[in-house]
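Working through the structure, step by step
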Amino acid sequence: MASKVWSEDRFSCPVCLELLKDPVAIPCGHSYCMGCIKNCWDQTDHTGVYSCPQCRETFTPRPDLCRNTMLAELVEELKKTGLNPPPAQSYAGPGDVPCDFCTGRKFKAVKSCLTCLASYCETHVKPHYEGAAFKRHKLINAIGDLQQKLCAEHQKVLEVFCRTDQTCICVLCIVKEHKSHDTVSAEAERSVKQKQLGETQTEIQQRIQERLKETEEIKQAVETLKRSACIEIKESEKIFTELIRSIEKIHTEVIELIGANEKAAVNQAEGRMKKLEQEIAELRRRNTELKQLSETEDHIHFLQNFQSLCAPPEAQDSSSVTVNRAISFGAVRKAVSELKDHIEDFCKGELVKITKTVNEVAVYSLQAPEPRNRAEFLKYSCQLTLDPNTAYRNLCLSEGNRKVTLVWTQQFADDHPERFDRKAQVLCREGLSGTRCYWEFEWSGRGASIGVTYKGISRKGEDYSCVLGFNDKSWSLECSGSRYTARHNSNHTAITAPRSPRIGVYLDFNAGTMSFYGVSDTMTLLHRFQTTFTEPLYPGFRLDWFPGSTVTICQLN
């Protein structure tokens, strides 16, 4: 087997990794398929310099290519004797762990040795099963990046867990950096954490069942609502046909009111169900990850990923949600019937009563008051990053795309269709919708604007359709000294408040509110927009033209 692999590599093209076709030898001595080396050199024709893809030796002018008849005959003979490339599936592909001992094109590894810190294919792993020197080596299913299993300080295998520092260490760390710390074997700590993992799984499974139950209740309530609305519309139509012409207008208003309320209630319920389905999907995904972590044989991998995966999932508060199971428009029918017995000048008063009754019908009630202090706001904190593809060329992004600075010199950037080409603005990558979010930013310099926008805001040109807050697609707060200005479309509101270098933004998408706060020891409300959001919102910033002005998205977690 070993000689066969060697022979295949010897007569394989280094470019296409297949057996040579029309083989040619170039001046440095390496051989290629004629088509492969010709294509490589065609791509560098404009430079006039040609190189070997293996040894990088360069040739000028371009060497003539002649078919190596002897090598071609040898390859053909090898094909006839049964020497064919192994099946493609035995080679390491994307996502596979390659064998560390294969030369040339590598086979897929089947095992990794935690003692050797290497991965082996079926051929090269055999000594670990047959040789006495390898009997004590620890073999596991093939995994990538074995360096993560080494101590960065001592280059020893991580096999101990320090409970004091909550990290994996090697045996030498016990003597030095972690002396006198509470340390146990990785296997012992795994058994403790495994129990915690099980408790988290149980909690997630219980929450899935609760959300499934609530979803079913809402579905049933929606069906009841639809049936009731359908019946009441028909009954109301029968009653209204008996009324005189003078109340036909009121008749139309009531029908439209019921239909509109039904649509609003259904939309509200469907929105809630969508959130529940998303949470269920996320909980299931989390449960799958925990199951995979629970079953892994690699203690170190388990411990390194335990903290992030076993953090209790943030609960979506549904304690204030009450599903209305007894939905009925019966009171509406009664009110409409009473109209029949009253004279025309009493109709307007009865319409008020009808309107009030219809508006009380809802699939469920959900109270979501705005947070009262910073700790409550932080429950809704979200992670935002700036999108380089949208940044104006005089804006420099740094700190992991969380800070933007206005500079004199334009930054090199391609002409991306989403880039602002005339306004010193940049948007975040993340689109926000269907939830409550909170983020904070710090600004310095002459002034800056913070806002949100639909993705369809104009990016090219100098008119107001490109500027945050100056069109119907965006909302913003301009910060300058102790003066603030809230803007949307053609409307603006001037605000006087103490200068705050840190601003908090609270978005309740479903409620249609976005609030800006000055953040210090207390939260000072600067302005609140009340509207209806119809598309995902992208946070963004605009910097005044003053080099050195900055805006930084704050880390809240």
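Residues numbered from 1 in each chain as written. Predicted model: local features only at pLDDT ≥ 70, side-chain atom pairs only at ≥ 80, totals over all residues. Heavy atoms only, no water.

1. Let's talk about the overall build of the chain
Keep this limit in mind: Numbered from the N terminus, helices here are DSSP runs of H or I no shorter than four residues, and strands are runs of E no shorter than two. Under the scheme applied here, a residue whose accessible area is under 20% of the maximum for its type counts as buried, over 50% as exposed, and between as partly exposed, the area being computed with a 1.4 Å probe on protein chains only. Working definition of accessibility: Shrake-Rupley area with a 1.4 Å probe, residue cover restricted to the visible protein chains.
Secondary structure assignment for the chain yields 11 helices and 25 strands. Of all 557 residues assigned to the chain, the portion counted as buried reaches 40%. As displayed, the chain has an accessible area near 30,500 Å², and 50% of this comes from carbon and sulfur atoms.

2. Quick word on the packing of aromatic side chains
Where we set the bar: When two rings of Phe, Tyr or Trp (its six-membered ring) have centres within 6.5 Å they constitute a pair, described as stacked for plane angles under 30 degrees, edge-to-face for angles over 60, and tilted for the intermediate range. Any Lys NZ or Arg CZ found within 6 Å of a ring centre and within 35 degrees of that ring's normal is scored as a charge over the ring.
Within this structure, the stated rule accounts for 16 aromatic pairs. The interplanar angle of 80° and the centroid separation of 5.5 Å between the aromatic rings of Y454 and W475 together place this pair among those described as edge-to-face. With Y454 in the loop between β17 (448-453) and β18 (474-480) and W475 in strand β18, the pair connects residues that are 21 residues apart, well separated along the chain. Here Y454 matches W475 in class, with each residue buried. A connected cluster of aromatic rings, assembled from ring pairs, spans F377, Y380, Y438, Y506 and Y517. In this arrangement the basic side chain of R105 is found over the ring face of Y91, its NZ or CZ atom lying 3.8 Å from the centre.

3. A look at the pairing of β18
Side-chain positions along a regular strand alternate between the two faces of the sheet. How we decide: For two strands to be treated as a pair, DSSP must find at least two bridges joining them.
Within β18, six of the seven residues are buried, which leaves it mostly tucked inside the rest of the structure. With six bridges joining them, β17 and β18 adopt antiparallel strand pairing. The residue of β18 that forms the bridge with V452 is W475. Bridge analysis of β18 against strand β19 (residues 483-488) gives six bridges, and the strand direction is antiparallel. Within β19, the residue paired with S476 across the bridge is R487.

4. Overview of the environment of C466
Formally: The contact criterion used throughout is that any non-hydrogen atoms of two residues lie within 4.5 Å.
Of note, C466 is situated in the loop between β17 and β18. In this structure C466 comes out as buried when scored by relative accessible area, which is 0%. Note: C-alpha distance between C466 and Q425 (41 residues apart in sequence) is 9.2 Å. Not counting residues within four places of it along the chain, the set of residues in contact with C466 comprises F420, K423, Q425, I457, S458, R459, K460, G461 and N471.

5. What to know about the pattern of salt bridges
This is how the line gets drawn: Any Lys or Arg side-chain nitrogen found within 4 Å of a carboxyl oxygen on Asp or Glu counts as a salt bridge.
On inspection of all chains with the given rule, the structure shows 27 salt bridges. With its nearest N and O atoms 2.3 Å apart, the salt bridge here joins R285 to E282. Of this pair, R285 and E282 both sit in helix α7 (residues 248-295), three residues apart, which is roughly one turn of that helix. Judged by relative accessible area, R285 falls into the partly exposed class, the value being 37%. On the basis of relative accessibility, which here comes to 39%, the residue E282 falls in the partly exposed class. Where R422 meets E462, a salt bridge forms, and the shortest distance between an N and an O atom there is 3.7 Å. Here R422, found in the loop between β14 (403-406) and β15 (425-427), pairs with E462, found in the loop between β17 and β18; they are 40 residues apart in sequence, far enough to count as distant.

6. Examining the pairing of β17
Burial runs high along β17: six of the six residues are buried. Taking every second residue as pointing to the same face, both faces of β17 are buried, with A448, I450 and V452 on one and S449, G451 and T453 on the other. Pairing geometry for β17 and strand β24 (residues 538-543), over six bridges, is antiparallel. Paired with V452 across the bridge in β24 is P539.

7. Some remarks on the side chain of S476
Which entries qualify depends on this criterion: Polar contacts, as counted here, are pairs of nitrogen or oxygen atoms within 3.5 Å of one another; within protein the pair requires one atom able to donate a hydrogen and one able to accept it, and residues that are adjacent in sequence qualify only if both atoms are side-chain atoms.
Tracing the backbone shows S476 in strand β18. Polar contacts involving the side chain of S476 include one to the main-chain carbonyl oxygen of L468, which spans 3.3 Å.

8. A look at the nonpolar core
Here is the rule: The term nonpolar core refers to a set of buried residues drawn from Ala, Val, Leu, Ile, Met, Phe, Trp, Tyr and Cys, joined through side-chain atoms within 4.5 Å.
If you look at the biggest cluster of nonpolar residues, it comprises 41 residues, and the most contacted ones within it are W439, F441, L477, M514, F516 and F541. It is strand β16 (residues 436-444) that provides the largest number of residues to this core, a total of four residues. Setting aside its immediate chain neighbours within four residues, F541 contacts L386, A424, Q425, V426, C428, F441, S449, I450, L468, V551 and I553. Formed by 24 residues, the second largest nonpolar core is a distinct cluster that contains C168, C173, A186 and F302.

9. Regarding the confidence of the model for the chain
Note the following rule: A residue's pLDDT is simply how confident the predictor is in it, with values from 0 to 100.
Looking at the chain as a whole, the pLDDT averages 84, with 87% of positions reaching at least 70. Looking across the chain, the model is least confident in helix α1 (residues 2-10), with a mean pLDDT of 49, and most confident in β15, with 97. In the predicted structure, residues 1-6 sits below a pLDDT of 50 and forms four contacts with residues beyond four places in sequence or in another chain. Every residue in residues 84-89 scores below 50 in pLDDT, and together they form 10 contacts with partners more than four places removed in sequence or on other chains.

10. Some details on the sheet that holds strand β9 (residues 167-169)
Defined as follows: The convention used is that axes are lines fitted to C-alpha atoms, helices contributing only their stretch in contact, and that angles between N-to-C directions extend from 0 to 180 degrees.
A sheet is described by the order of its strands in space; here three strands give the open sequence β9-β8-β10, paired in antiparallel fashion. Two strands lie at the open edges of the sheet, namely β9 and β10 (183-185), each paired on one side alone. The sheet shows a mean angle of 35° between the axes of neighbouring strands, taken without regard to direction. Packing against the sheet, helix α6 (residues 186-241) makes contact with β8 (160-162) and β10, and its axis sits at approximately 90° to β10.

11. Examining the sheet that holds β19
A sheet is described by the order of its strands in space; here six strands give the open sequence β15-β24-β17-β18-β19-β20, paired in antiparallel fashion. Sheet topology places β15 and β20 (491-496) at the edges, where each strand pairs with a single neighbour. Across the sheet, the axes of successive neighbouring strands diverge by a mean angle of 15°, strand direction being ignored. Relative to β24, β15 is paired through three bridges, and the arrangement is antiparallel. Residue pairing across strands places L427 opposite G540, the latter belonging to β24.

12. Thoughts on the packing of α6 against helix α8 (residues 299-310)
The condition is simple: Each crossing is labelled by how the near helix is turned from the far one, with a counterclockwise turn of less than a right angle marking it left-handed and a clockwise turn marking it right-handed. Polarity classes work like this: nonpolar for Ala, Val, Leu, Ile, Met, Phe, Trp, Tyr, Cys and Pro, charged for Asp, Glu, Lys and Arg, and polar for all others, with Gly in that last group.
Two elements in contact, α6 and α8, have axes whose closest approach is 10 Å; the angle formed by their N-to-C orientations is 35°. As for how α6 packs across α8, the hand of that crossing is left-handed. Contacts between α6 and α8 involve A186, E187, E189, R190, K193, Q194, Q196, L197 and T200 from the first element and H299, I300, F302, L303, F306 and C310 from the second. Partitioned by chemical class, the residues of the contact of α6 with α8 number seven nonpolar, four polar and four charged.

13. Describing helix α2 (residues 34-42)
To be explicit about the condition: The arc in question is the one traced by the directions running from the helix axis out to the C-beta atoms.
Here α2 has its buried residues at C36, I37 and W41. For α2, the angular spread of the buried residues around the axis is 125°, confining them to a single face. Check the buried side of α2 and you find it contacts β1 (23-25), β2 (31-33), β3 (50-51) and β4 (58-59).

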